[in-house]
Amino acid sequence: MRRAALLIACGALGPSVVACGPPRRPSGAAPAAASAPAKSTAPACTDEQPDVCASECRYGVAKSCTLLATVHERGEKVARSELAIAQLFEAGCRGGDPDGCAGLGAALESGTGVSRDPALARGAYERACDGALASATPPTRALGACAQLGEMLADGRGGARSDERAVAVLRRACNWGSARACGAFGRLTLAGRVVGSKEPEAAELFHRACNVGHGASCTELAALYEAGTGVPRDDAY
């Protein structure tokens, strides 16, 4: 199963950001079905069915590649493999699955299973975020990629810094319910990098994020109350 997962993503998908060996098949044999990029077809498998996901991924179901990557992440039912995780997320991403792009971006940003590359990570996050924000119900992992993209844009990691683009991405992701995006948006606002917004708006953003369990935003909000910045001073908060 572990070797099968590696071959699905590395088989013949064309140029890859993940280091793969040359594809192998018997002389004269027809290319495998995976020679075409994975497609965004609805999967029949669940993450409790790695063998079914592997088969669907091999035959072009992008979401199945992503689901199989999450199985490897947990190390349940299959041996955990960071290389397989990166390869499978890439296969899902190239087939148009936003969660696959989010997972690939995280692997590229951290250098987990693949060479660290902030520029490619930022591109993967952007693809994930575009897919999430175009969806009627953004998937959680891909929506998180919007927050990561916004932070990279704000910090100038992986490319040019752009407060305008960072604000646009973080505002939309925050409105869709990403606590991390609300927190990052709050920090930009507090730093005076959001045109027309001031400290009370930053406090409100930290409130939104803190209320759904974003610990860093709770800490930021407590500091604002302690200092009386944008909110009434309250040492007991």
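Reading the values: rules and limits
Residues numbered from 1 in each chain as written. Predicted model: local features only at pLDDT ≥ 70, side-chain atom pairs only at ≥ 80, totals over all residues. Heavy atoms only, no water. Helix = DSSP H or I, 4+ residues; strand = E, 2+ residues; numbered from the N terminus. Buried < 20%, exposed > 50% of the residue type's maximum accessible area, 1.4 Å probe, protein only. Areas by Shrake-Rupley, 256 points an atom, 1.4 Å probe, with all protein chains shown as cover. Salt bridge = Lys/Arg side-chain N within 4 Å of Asp/Glu carboxyl O. Core = buried A, V, L, I, M, F, W, Y, C linked by side-chain atoms within 4.5 Å. Contact = heavy atoms within 4.5 Å. Disulfide = S-S within 2.5 Å.

### Some remarks on the overall build of the protein chain
- Helix and strand counts for the protein chain come out as eleven helices and zero strands.
- When the helices and strands of the protein chain are listed from N to C terminus, the series reads α-α-α-α-α-α-α-α-α-α-α.
- Residues counted as buried form 43% of the 237 residues belonging to the protein chain.
- Taken as a whole, the protein chain presents about 11,300 Å² of accessible surface, with 52% of it coming from carbon and sulfur.

### Examining the pattern of salt bridges
- Scanning the model with the defined rule gives ten salt bridges in all.
- The shortest N-O distance in the salt bridge between Arg 165 and Glu 126 comes to 2.6 Å. Here Glu 126 lies in helix H6 (residues 118-133) and Arg 165 lies in helix H8 (residues 163-175), a separation of 39 residues in the sequence.
- Notably, a salt bridge pairs Arg 180 with Glu 151, separated by 2.6 Å at the nearest N-O pair. Linking Arg 180 in helix H9 (residues 179-190) with Glu 151 in helix H7 (residues 140-155), this pair joins segments that are 29 residues apart in sequence.
- The buried category is assigned to Glu 151, whose relative accessible area is 13%.

### What about the nonpolar core?
- Counting residues in each nonpolar core, the largest one holds 52 residues, and the members touching the most others are Cys 146 and Leu 188.
- Setting aside its immediate chain neighbours within four residues, Cys 146 contacts Cys 129, Ala 132, Leu 133, Val 169, Leu 170 and Ala 173.
- Core analysis: the second largest hydrophobic core is formed by eight residues, Ala 202, Ala 203, Cys 210 and Leu 224 among them.

### Quick word on the state of the cysteines
- One pass over the full model with this rule turns up six disulfides.
- With its sulfur 2.0 Å from that of its partner, Cys 174 forms a disulfide with Cys 182. The sign of the S-S torsion, about 95 degrees, decides the handedness of the disulfide formed by Cys 174 and Cys 182: right-handed.
- Look at Cys 174 and you get buried, because its relative accessible area is 2%.

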